Amino acid sequence: QVYWVSAHNPVEQLRRSVSEFQAITPFRPIVPVGSAYIAGSWAPTPADVVEFLQTAQSLNLSAANFWEWANCRTNLPEVWNAIRDYPWSGQPQPQDITQQYIAALNTRDPNKVVSLYNPNAVHVTAARTIQGSDQIRNWFQTFFTSILPNATFTLTNFSGSGSSRFFTWTANSSAGKVSNGSDTFGLINGKIAYHYSFFTVTR
């Protein structure tokens, strides 16, 4: 049972659980059970359950499960649909661009983030608009060292398909936290061509 109640980090929790369980002798097959229920004011998001399933596949687990059917079907229809529609197959599913972006942020490496962008991409915030790989790389260098140093980023939700995505995110860092991250991607050939980002850092 891998329940990420009060958080939105199923990837981290599943990887840790599998690693610890595999260290036990004798080793047993693992079928992880994820969160699909409401606990107080907390509930999993569709992005959570998709990340959980993708990670289970990337770890070569044979199956995954969720707790629990009645609560999810009745009270969390979007989560139910995300589980129902997930295309489980013998091969791991590629991550959505929003998940790739958050994973790149968590490396705190500007080059890994920039690799997701079109070379002539435009990045817009309330403060400024920049264009091109070099300017975007410089901005993320500042972002990682001055705005949100040592931050951990969490994708809280995403929607859209084809050439557009909307997603929300949070972050915790040594300089403060973000609880209202709200971004939009415009994509060309799977790369970010337009990125509008809104967030507020609070202490």
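Participant: Run through the overall build of the protein, naming residues and quoting values.
Facilitator: A count of helical and extended segments in the protein gives seven helices and nine strands. With 203 residues in all, the protein has 42% of them scored as buried. Counting only contacts in the protein whose residues sit at least 6 apart along the sequence, the fraction spanning at least 24 positions is 58%. Total accessible area on the protein stands at roughly 10,600 Å², and carbon and sulfur atoms take up 51% of it. Averaging the locations of the 13 positively and 11 negatively charged side chains of the protein gives two centres separated by 4 Å.

Participant: Outline empty space enclosed by the protein, listing residues and values.
Facilitator: Taken as a whole and assessed by the stated rule, the structure comprises one cavity of 30 Å³ or more. Reported here for the largest cavity is a volume of approximately 30 Å³. Taken together, Y101, H123, W139, F140, F143, W169, D183, H195, S197 and F199 make up the lining of the largest cavity. Sorting the residues of the lining of the largest cavity by element identifies α7 (133–147) and β8 (191–198) as the ones contributing at least two each. Ranked by residue count, the leading element in the lining of the largest cavity is α7, at three residues.

Participant: Go over the environment of R165 with me, naming the residues and quoting the values.
Facilitator: Examined against the element boundaries, R165 turns out to sit in strand β6 (residues 164–173). Separated by 124 residues in the primary sequence, R165 and S41 have C-alpha atoms spaced 26 Å apart. In contact with R165, other than residues within four places in its own chain, are D96, I97, T98, S159, G160, D183, T184, F185 and L187. Within the local environment of R165, its side chain forms a polar contact with the side chain of D96, the two groups lying 2.8 Å apart.

Participant: If you had to explain the nonpolar core to someone new, which residues and values would you point to?
Facilitator: With 29 residues, the main nonpolar core has Y101, L105, Y117, F140, F143, F153 and W169 as its most contacted residues. Where this core is concerned, the elements lending two or more residues are α5 (97–107), α6 (110–114), β3 (117–124), α7, β5 (152–159), β6 and β7 (176–188). F143 has contacts with L105, L148, P149, F153, W169 and F199, leaving out every residue within four places of it along the chain.

Participant: Now, about the environment of E78: what can you tell me, with residues and values included?
Facilitator: In this fold, E78 is placed in helix α4 (residues 77–85). Between the alpha carbons of E78 and T45 there is a distance of 7.9 Å; along the sequence they are 33 residues apart.

Participant: I'd love a proper account of the side chain of E51, names of residues and values included.
Facilitator: Mapped onto the secondary structure, E51 falls in helix α2 (residues 46–58). Comment: no salt bridge for buried E51; closest opposite-charge side chain is R15, at 9.8 Å. When sequence neighbours within four positions are dropped, the list of residues in contact with E51 reads P10, V11, Q99 and L155.

Participant: Describe the packing of aromatic side chains, naming the residues involved and giving the relevant values.
Facilitator: For any pair of aromatic rings, the description consists of the separation of the ring centres together with the inter-plane angle of the planes. Within this structure, the stated rule accounts for 21 aromatic pairs. Between F140 and F144, the aromatic rings sit 6.1 Å apart at their centres with planes inclined by 35°, giving tilted as the arrangement. Of this pair, F140 and F144 both sit in helix α7, four residues apart, which is roughly one turn of that helix. F144 sits in the buried class, given a relative accessible area of 6%. An aromatic cluster of at least three residues, connected via ring pairs, comprises Y101, Y117, W139, F140, F143, F144, F153, F167, W169, F185 and F199.

Participant: Tell me about unusual backbone geometry, and name the residues and values.
Facilitator: Following W67, the chain continues to E68 via a peptide bond in cis, the omega torsion being 0°. The residue E68 is located in the loop between β2 (65–67) and α3 (69–75) in this model. Of note in this structure, N150 is not a glycine but carries a positive phi near 55°. Residue position: N150 is located in the loop between α7 and β5.

How each quantity is defined
- Residues numbered from 1 in each chain as written.
- Predicted model: local features only at pLDDT ≥ 70, side-chain atom pairs only at ≥ 80, totals over all residues.
- Heavy atoms only, no water.
- Helix = DSSP H or I, 4+ residues; strand = E, 2+ residues; numbered from the N terminus.
- Buried < 20%, exposed > 50% of the residue type's maximum accessible area, 1.4 Å probe, protein only.
- Contact = heavy atoms within 4.5 Å.
- Areas by Shrake-Rupley, 256 points an atom, 1.4 Å probe, with all protein chains shown as cover.
- Lys, Arg positive; Asp, Glu negative; His and termini not counted.
- Charge placed at Lys NZ, Arg CZ, Asp CG, Glu CD.
- 1 Å grid on protein atoms, 1.4 Å probe; cavity = no way out; pocket = protein on both sides within 12 Å on 5 of 7 lines; lining within 4 Å.
- Points joined across faces, edges and corners; volume = space filled by probe spheres on them.
- Polar contact = N/O pair within 3.5 Å; in protein donor to acceptor, adjacent residues only side chain to side chain.
- Core = buried A, V, L, I, M, F, W, Y, C linked by side-chain atoms within 4.5 Å.
- Salt bridge = Lys/Arg side-chain N within 4 Å of Asp/Glu carboxyl O.
- Phe/Tyr/Trp six-rings, centres within 6.5 Å; stacked < 30°, edge-to-face > 60°.

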